[in-house]
Amino acid sequence: MGKNAIVGQSGGPTSVINASLAGVFESCKNRGAQVVYGMCNGVAGLLEENVVDLSKYLTDDLDIELLKRTPSSFLGSCRYKLPDWHDDEAVYKKLFAILEKLNIGYFFYIGGNDSMDTIGKLADYGNCIQSDIRFMGVPKTIDNDLMVTDHTPGYGSAAKYIGVVMKEIIRDATVYGTKYVTVIEIMGRNAGWLTAAAALAKSDDCEGVDMICLPEVPFNVDHFVEKVRVMQEKKPSIVIAVSEGVKLEDGRYVCELADDVHAVDAFGHKALTGTARYLANVVARNLDTKTRSIELSTLQRCAGHLTSRTDITEAYQVGGAAAKAAFEGVTGQMVALKRISNNPYQCTTELHPISEVANLEKKVPLSWMNENHTQMTDEFLNYARPLIQAELTPLYIAGLPHHIYMKNSK
């Protein structure tokens, strides 16, 4: 009897993560997997033996197409930190016993940095006990901060959403012709790829944002206020894009200057929120202007109506490439995207050891910013624009996009 496959989704969702799930599922079935299981809520759910047979939910081509068009994680997600097996081998013994019970030969985990850490640990333990299970990482994160891959599935759609929303906010912010400062907070803890995408708004029909603040550049609140003052001498309405993770020179997050309480997750990541609100308040106190703050928050990662077709296609491709590699005997690797050219845009897949990815972060090159570190250069725009191209229109029913999810599935 042939082996079964299992796939999980982990970390923050994206609007195209389900396309990778579809890619893994279809490729595994086409390659002879008897059953393709889904972990409900990632490894945390697997430890509770909370798994489903995906064939019961994905019964035909329409289900697959709906899955590709449905944002967020169909299987649910988790932020579970797998301990080192030298410290807690019991967890690994339990996991591998469950995998053996399910006759698993191929294990796929769709996620970002922390998820790749999980794959690396499982592959190392599997190698230690001479398990024949193949462990493969499938890249996903709107943060675009995974090493070795040109870009990460999920980023293109989030960048497209940010570019669209920035154009609309700019139009709204200039309607009264009076002094106004709008500060938009965009996700990005240590890497500013998402905030950099605000630069995409500038075009023949839009003047673009006035300032971009990335976590790669040490932040000074007084200098920020002075820049706003100088800009308002030339134009009354100022629109600023700021990363949630901008830090002072001493390493503190700007949002920590406010009185908000910031929770910490299993990986030690502090919840970041309130950066835009704090900066808008500081500007209002120091300058003669009205201000407002906007947090894009989870909207930038779940806007299924504004996905990039390029992004969905590549998300599906990396899922299929991971399955292909696993069935050919590869383990302990992540599928990466390799750009061949910008114009015409061409991209292919390649494999990299998990050790080159896990617990590492790819930052925005400062050479892709202007000398004042307030705007992105053409080099960044040439990198990002191909990733937001084309659309995959949702299936609309009663005027709203139709999605597939567990409760409603067959």
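An unreviewed UniProt entry annotates the protein as Pyrophosphate--fructose 6-phosphate 1-phosphotransferase of Faecalibacterium hattorii. Looking at the Subunit (unreviewed entry) heading of the UniProt record, one finds this comment for the protein: "Homodimer." The record in UniProt for the protein states the following under Subcellular location (unreviewed entry): "Cytoplasm".

Q: Can you walk me through the overall build of the protein in this structure?
A: When its secondary structure is counted, the protein shows 11 helices and 13 strands. Its C-alpha radius of gyration of 22 Å places the protein within 12% of the 22 Å reference for a compact globule of 410 residues. Each principal axis of the C-alpha atoms in the protein carries an extent, and together these give about 75 × 50 × 40 Å. Put simply, 76% of the contacts in the protein that link residues at least 6 apart link residues at least 24 apart.

Q: Even after reading the chapter, I still don't get the nonpolar core, so can you show me in this structure?
A: Soluble globular proteins tend to pack their nonpolar side chains together in the buried interior. One finds Tyr-155, Ile-162, Met-166, Ile-186, Met-376 and Phe-380 to be the most contacted residues of the largest nonpolar core, which totals 43 residues. Secondary structure elements with two or more residues in this core: helix 6 (155-173), strand 6 (180-186), helix 7 (193-196), strand 8 (237-243) and helix 11 (378-384). Here the element with the most residues in this core is helix 6; it accounts for 10 residues. Setting aside anything within four residues of it in sequence, one finds Met-166 in contact with Ile-184, Ile-186, Ala-198, Ala-201, Val-209 and Ala-241. Core analysis: the second largest hydrophobic core is formed by 34 residues, Leu-21, Val-24, Cys-40 and Leu-75 among them.

Q: It is not clear to me how the packing of aromatic side chains should be interpreted in this structure. Could you clarify?
A: Remark: the centre distance and the inter-plane angle together describe each pair of aromatic rings, the angle taken between the planes. For the structure shown, the criterion picks out 14 aromatic pairs. The interplanar angle of 15 degrees and the centroid separation of 3.9 Å between the aromatic rings of Tyr-106 and Phe-327 together place this pair among those described as stacked. Of this pair, Tyr-106 sits in strand 4 (residues 104-111) while Phe-327 sits in helix 10 (residues 309-327), and the two are 221 residues apart along the sequence. On the basis of relative accessibility, which here comes to 15%, the residue Tyr-106 falls in the buried class.

Q: Could you clarify how one ought to interpret the pattern of salt bridges in this entry?
A: Charged atoms that come close allow side chains of opposite charge to pair. Here the structure, examined in full by the defined rule, presents 15 salt bridges. Put simply, Lys-235 and Asp-210 hold a salt bridge, and the shortest N to O gap is 2.8 Å. With Lys-235 in the loop between helix 8 (221-232) and strand 8 and Asp-210 in the loop between helix 7 and strand 7 (211-213), the pair connects residues that are 25 residues apart, well separated along the chain. Its relative accessible area of 26% is what places Lys-235 among the partly exposed residues.

Q: Please explain the UniProt feature "site: Important for catalytic activity" (unreviewed entry) in the protein as it appears in this structure.
A: Here the UniProt feature "site: Important for catalytic activity" (unreviewed entry) sits at Lys-140. Positionally, Lys-140 belongs in the loop between strand 5 (134-139) and helix 6. The exposure class assigned to Lys-140 is buried, which follows from its relative accessible area of 5%. Of note is the side chain of Lys-140, whose polar atom sits 3.1 Å from the backbone oxygen of Ser-10.

Q: Even after reading the chapter, I still don't get unusual backbone geometry, so can you show me in this structure?
A: Most of the time, phi is negative for any residue but glycine, and the peptide bond is trans. Of note, the amide linkage connecting Asn-343 to Pro-344 takes the cis form, showing an omega dihedral of 5 degrees. One can find Pro-344 in the loop between strand 10 (333-342) and strand 11 (345-353). A positive phi is found at Glu-49, a non-glycine position, where the angle reads about 55 degrees. Along the chain, the position of Glu-49 falls in the loop between helix 2 (42-47) and strand 3 (51-53). Glu-49 gets classed as partly exposed once you look at its relative accessible area, which sits at 42%. With a phi close to 65 degrees, Asn-359 is a non-glycine residue in the positive phi region. The residue Asn-359 is located in the loop between strand 11 and helix 11 in this model.

Q: In this structure, what is going on with the domain arrangement of the protein? I would like to understand it.
A: Interface size is often expressed as the accessible area that is lost when the parts come together. Per the domain assignment, the segments making up the protein are domain 1 (4-153 + 304-358 + 389-401) and domain 2 (158-301). Here the C-alpha centre of domain 2 lies 32 Å away from the C-alpha centre of domain 1. Area buried by domain 1 at its contact with domain 2 is led by Arg-79, Ile-142 and Leu-306, which between them contribute 39% of it. Where domain 1 meets domain 2, there are one salt bridge. On inspection of domain 1 and its partner domain 2, the count reaches four residue pairs in polar contact (both at pLDDT 80 or more). Here the side of domain 1 that touches domain 2 is composed, by residue class, of five nonpolar, seven polar and six charged.

Q: Looking at this structure, I do not really get helix 4 (residues 89-101). What am I missing?
A: Spacing of three or four residues puts side chains on the same side of an α-helix, whose turn is 3.6 residues. The first and last C-alpha atoms of helix 4 sit 18 Å apart over 13 residues, in line with the 18 Å expected at 1.5 Å per residue. Residues of helix 4 that are buried: Val-91, Tyr-92, Leu-95, Phe-96, Ile-98 and Leu-99. One face of helix 4 carries all of its buried residues, which in axial projection span an arc of 155 degrees. For helix 4, exposure combined with an orientation more than 90 degrees from the buried face picks out Ala-90, Lys-93, Glu-100 and Lys-101. Residues of helix 4 that are buried sit in contact with strand 1 (4-9), helix 2, strand 4, helix 5 (113-128) and strand 5.

What counts as what
- Residues numbered from 1 in each chain as written.
- Predicted model: local features only at pLDDT ≥ 70, side-chain atom pairs only at ≥ 80, totals over all residues.
- Heavy atoms only, no water.
- UniProt positions renumbered as here; feature names shortened; annotations may be inferred.
- Helix = DSSP H or I, 4+ residues; strand = E, 2+ residues; numbered from the N terminus.
- Rg over C-alpha atoms; globule rule 2.2 N^0.38 Å.
- Contact = heavy atoms within 4.5 Å.
- Core = buried A, V, L, I, M, F, W, Y, C linked by side-chain atoms within 4.5 Å.
- Buried < 20%, exposed > 50% of the residue type's maximum accessible area, 1.4 Å probe, protein only.
- Phe/Tyr/Trp six-rings, centres within 6.5 Å; stacked < 30°, edge-to-face > 60°.
- Salt bridge = Lys/Arg side-chain N within 4 Å of Asp/Glu carboxyl O.
- Polar contact = N/O pair within 3.5 Å; in protein donor to acceptor, adjacent residues only side chain to side chain.
- Domains from an automatic or database assignment.
- Buried area = accessible area lost by both parts, 1.4 Å probe.
- Nonpolar A, V, L, I, M, F, W, Y, C, P; charged D, E, K, R; others polar.
- Expected span 1.5 Å × (residues − 1).
- Arc of directions from axis to C-beta.

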